[in-house]
Amino acid sequence: GTKVALIGDSHAYHWLPAFSQAAETEGWELHFLARAGCPANSVAREAAGDHVRGCFDWMSQLDDWVAENTDLEHIVVANFAGSRFSGAGEYGARQPAAIEGFKEAWQPLLDTGAEVLALKDTPFISQETWDCVVANADQMSRCDVPLSQIEATFDNSAAAAEELGLRVVDFGELFCVREMCPMSIGGIRVYRDSNHMSGTYSFLLSPYLAAKLDF
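It should be emphasised that the depicted structure is a prediction, and the values quoted were computed from it without experimental measurement.

Quick word on the layout of surface pockets
Turning to step 1, where the next piece is worked out: Quantified by volume, the largest pocket comes out at close to 390 Å³.
Turning to step 2, where the next piece is worked out: Lining the largest pocket are 19 residues, and of these Lys-120, Asp-121, Glu-151, Thr-153 and Asp-170 lie nearest its centre.
Turning to step 3, where the next piece is worked out: Among the elements of the structure, helix H6 (147-150) and helix H7 (156-163) are those that each provide at least two residues to the lining of the largest pocket.
Turning to step 4, where the next piece is worked out: With three residues, the single largest contributor to the lining of the largest pocket is H7.
Turning to step 5, where the next piece is worked out: Along the lines of polarity and charge, the residues of the lining of the largest pocket split into nine nonpolar, three polar and seven charged.

Next up, the structure:
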């Protein structure tokens, strides 16, 4: 079927239940190439040296893999908007160096001729909010967060995609309604920690994912 690659850091991982189910129902040939804590960016993250070296090793392997898979049709990039990049600028704000780093790291993906698109990062919550969810498992609505608070972190990955003229897919409306972002939707807990959605919620987003991607 349609050959699709999902790449990125742990925010690619948290989309995997949705992508796996969509691949089964839509007939995609899905390839998953991700490393936690490693957005594909030529600028190093603020992290221990071993971790940074591991990220660059992974990116080198990713480049080799996409070069060998010339029949790829779609490459989906998903990254955590809260990553900190060394010397790129103020955390949480627009970081031109990080944006250029994404664009440089994605060039081998663009060279394949496949459609490259980015998922705008899912709204993520603070550790304080997650602690509230844990403490109020029976009344998680006490912990709901205003959308304005969540939107305070700029998504440099999505900005890089927009500058390249790539499609950016935003699922924010499935997380936040009427300017509030609930911790439980339809009786399902949305998050599994301070920034990753739960596996169950990801799985249930599968039909919406398939419809928006429209491969």
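Past the structure itself, the notes keep going.
Considering the state of the cysteines
Turning to step 1, where the next piece is worked out: Tallying each qualifying case throughout the model produces three disulfides.
Turning to step 2, where the next piece is worked out: Two residues, Cys-176 and Cys-181, share a disulfide whose sulfurs are 2.0 Å apart. Given an S-S torsion of about 100°, the disulfide between Cys-176 and Cys-181 has right-handed geometry.
Turning to step 3, where the next piece is worked out: Counting only the cysteines that form disulfides, in the order they appear in the chain, gives the pairing 1-2, 3-4, 5-6.

Notes on the environment of Ala-93
Turning to step 1, where the next piece is worked out: Topologically, Ala-93 is positioned in the loop between strand E3 (74-78) and helix H4 (96-110).
Turning to step 2, where the next piece is worked out: Accessibility expressed as a relative area gives 23% for Ala-93, which makes it partly exposed.
Turning to step 3, where the next piece is worked out: The spacing of Ala-93 and Val-134 is 41 residues in sequence and 29 Å in space, taken between C-alpha atoms.
Turning to step 4, where the next piece is worked out: With near-sequence residues (within four places) excluded, Ala-93 lies in contact with Phe-154 and Asn-156.

A closer look at the packing of aromatic side chains
Turning to step 1, where the next piece is worked out: For the structure shown, the criterion picks out eight aromatic pairs.
Turning to step 2, where the next piece is worked out: Ring centres of Tyr-13 and Phe-32 lie 5.0 Å apart, and the angle between their planes is 85°; on these two criteria the pair is classed as edge-to-face. Residue Tyr-13 is found in helix H1 (residues 10-13), and its partner Phe-32 is found in strand E2 (residues 29-34); the two are separated by 19 residues along the sequence.
Turning to step 3, where the next piece is worked out: Judged by relative accessible area, which is 28%, Phe-32 ranks as partly exposed.

Topic: the pairing of strand E4 (residues 115-119)
Turning to step 1, where the next piece is worked out: Counting buried positions over the five residues of E4 gives four, a clear majority of the element.
Turning to step 2, where the next piece is worked out: As paired elements, E3 and E4 share five bridges and run parallel to each other. Counted as the bridge partner of Val-76 is Leu-117 from E4.
Turning to step 3, where the next piece is worked out: Between the parallel pair E3 and E4, the chain is carried across by H4, and the sense of this crossover is right-handed.

Calculation rules
- Residues numbered from 1 in each chain as written.
- Predicted model: local features only at pLDDT ≥ 70, side-chain atom pairs only at ≥ 80, totals over all residues.
- Heavy atoms only, no water.
- 1 Å grid on protein atoms, 1.4 Å probe; cavity = no way out; pocket = protein on both sides within 12 Å on 5 of 7 lines; lining within 4 Å.
- Points joined across faces, edges and corners; volume = space filled by probe spheres on them.
- Helix = DSSP H or I, 4+ residues; strand = E, 2+ residues; numbered from the N terminus.
- Nonpolar A, V, L, I, M, F, W, Y, C, P; charged D, E, K, R; others polar.
- Disulfide = S-S within 2.5 Å.
- Buried < 20%, exposed > 50% of the residue type's maximum accessible area, 1.4 Å probe, protein only.
- Contact = heavy atoms within 4.5 Å.
- Phe/Tyr/Trp six-rings, centres within 6.5 Å; stacked < 30°, edge-to-face > 60°.
- Pairing = 2+ DSSP bridges.
- Right-handed = clockwise from strand over helix to strand, strands pointing away.

These figures capture arrangement, not role.
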